[in-house]
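# Reading the structure
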Amino acid sequence: MATFGSALTSRLIYVFAINDKEHKGCLKIGETSIDNCNSLFLEPNCEILNKAARKRIDQYTQTAGISYQLLYTEMTLFVKDRNVTSFNDKEVHSILDRSGIKKKEFSTNKKATEWYITDLETVKKAIQAAKDGRKSLNASEISNDNTPIIFRPEQREAIDRTKK
């Protein structure tokens, strides 16, 4: 007996930062699939999405010993006009490009093309624009430096101890 899987793969967009001098002020916007996901619609930043994003990011950062901060995850599937539709990371990249958001150019790695000099709020607005079928952001939608600082667990613990 043959077994068939779903032709519709659950996918997600992820956004992360690397806290070092070379990546300062830059965010990476990528896409990956979700293994064994029983739900097509999950809330942004839920445990399942974050786990899938970390698995993908770890594939290309862990062996290099790179520490990163996962900032945002969201399903690429959504309902519009009572139809299930989707977007991908290339559409978000295109919206950022058309909106005048600069890509980070790395001197040592010309293949790193998914890094943008922007903040998290602007990326979220670009994701929404992709869902809305828009090609770019309005000038008022582009914010500056609203990417939150996310502390490592030991840093958060030290801050909490200091506050007490």
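Here, every reference points to the structure presented above.
Our subject in this report is the structure included herewith. (Residues numbered from 1 in each chain as written. Predicted model: local features only at pLDDT ≥ 70, side-chain atom pairs only at ≥ 80, totals over all residues. Heavy atoms only, no water.)

### A short note on the overall build of the protein chain
For the record, the criterion: Helix and strand labels come from DSSP, where a helix needs a run of H or I of at least four residues and a strand needs a run of E of at least two; each type is numbered from the N terminus. Remark: exposure states derive from per-residue accessible area (1.4 Å probe, protein chains only) relative to the maximum for the residue type, with buried under 20%, exposed over 50%, and partly exposed in between. By definition, residues are in contact when any of their heavy atoms lie within 4.5 Å.
The helix and strand tally for the protein chain stands at four helices and six strands. Counting from the amino terminus, the protein chain carries its helices and strands in the arrangement β-β-α-β-β-β-α-β-α-α. Among the 164 residues that make up the protein chain, the fraction classed as buried is 38%. In the protein chain, the share of contacts with a sequence separation of at least 24, taken over all contacts with a separation of at least 6, comes to 64%.

### Here's the deal with the nonpolar core
Quick reminder of the rule: What is meant by a nonpolar core is a set of buried Ala, Val, Leu, Ile, Met, Phe, Trp, Tyr and Cys residues, joined one to another through side-chain atoms within 4.5 Å.
Of all hydrophobic cores here, the largest spans 21 residues; its most connected members are Val15, Leu27, Ile29, Phe87, Val92, Leu96 and Ile127. At the level of secondary structure, the elements contributing two or more residues to this core comprise strand S1 (11-18), strand S2 (26-33), strand S3 (68-75), helix H2 (89-98) and helix H3 (120-132). Top contributing element to this core by residue count: H3, with six residues. The next biggest cluster of nonpolar side chains, apart from the first, holds 18 residues, and it includes Leu12, Leu42, Ile57 and Leu70.

### Looking at the environment of Asp132
Among the structural elements, Asp132 can be located in helix H3. Residue Asp132 is classed as partly exposed on the basis of its relative accessible area, which comes to 37%. Along the chain, Asp132 and Lys80 lie 52 residues apart, while their C-alpha atoms are 8.5 Å from each other.

### Observations regarding the sheet that holds strand S6 (residues 115-117)
Filter applied, for reference: When DSSP locates at least two bridges between a pair of strands, those strands are taken to pair. Interaxial angles span 0 to 180 degrees and are taken between N-to-C directions of axes, which are lines fitted to C-alpha atoms, for helices over the stretch in contact.
A sheet is described by the order of its strands in space; here four strands give the open sequence S3-S1-S2-S6, paired in antiparallel fashion. Bordering the open sheet on either side are S3 and S6, each of which pairs with just one other strand. Here the strands of the sheet are splayed against their neighbours by 25° on average, with no regard to which way each runs. Pairing analysis gives three bridges linking S2 to S6, with the strands arranged antiparallel. Bridged to Cys26 within S6 is Ile117. Across the sheet, H2 touches S1, S2 and S6, and the angle it forms with S2 is around 155°. Docked against the sheet, H3 engages S1, S2 and S3, running at close to 20° with respect to S3.

### Quick word on the pairing of S2
Along S2, seven of the eight residues are buried, which leaves the element largely enclosed by surrounding structure. Across six bridges, the pairing between S1 and S2 is antiparallel. Paired with Tyr14 across the strands is Gly30, a residue of S2.

### Some points on unusual backbone geometry
Phi is positive for Asn45, which is not a glycine, with a value near 65°. Tracing the backbone shows Asn45 in the loop between S2 and helix H1 (47-61). Unusually for a residue other than glycine, Arg82 sits at a positive phi of about 65°. Tracing the backbone shows Arg82 in the loop between strand S4 (77-80) and strand S5 (83-86). Since its relative accessible area comes to 82%, Arg82 is described here as exposed.

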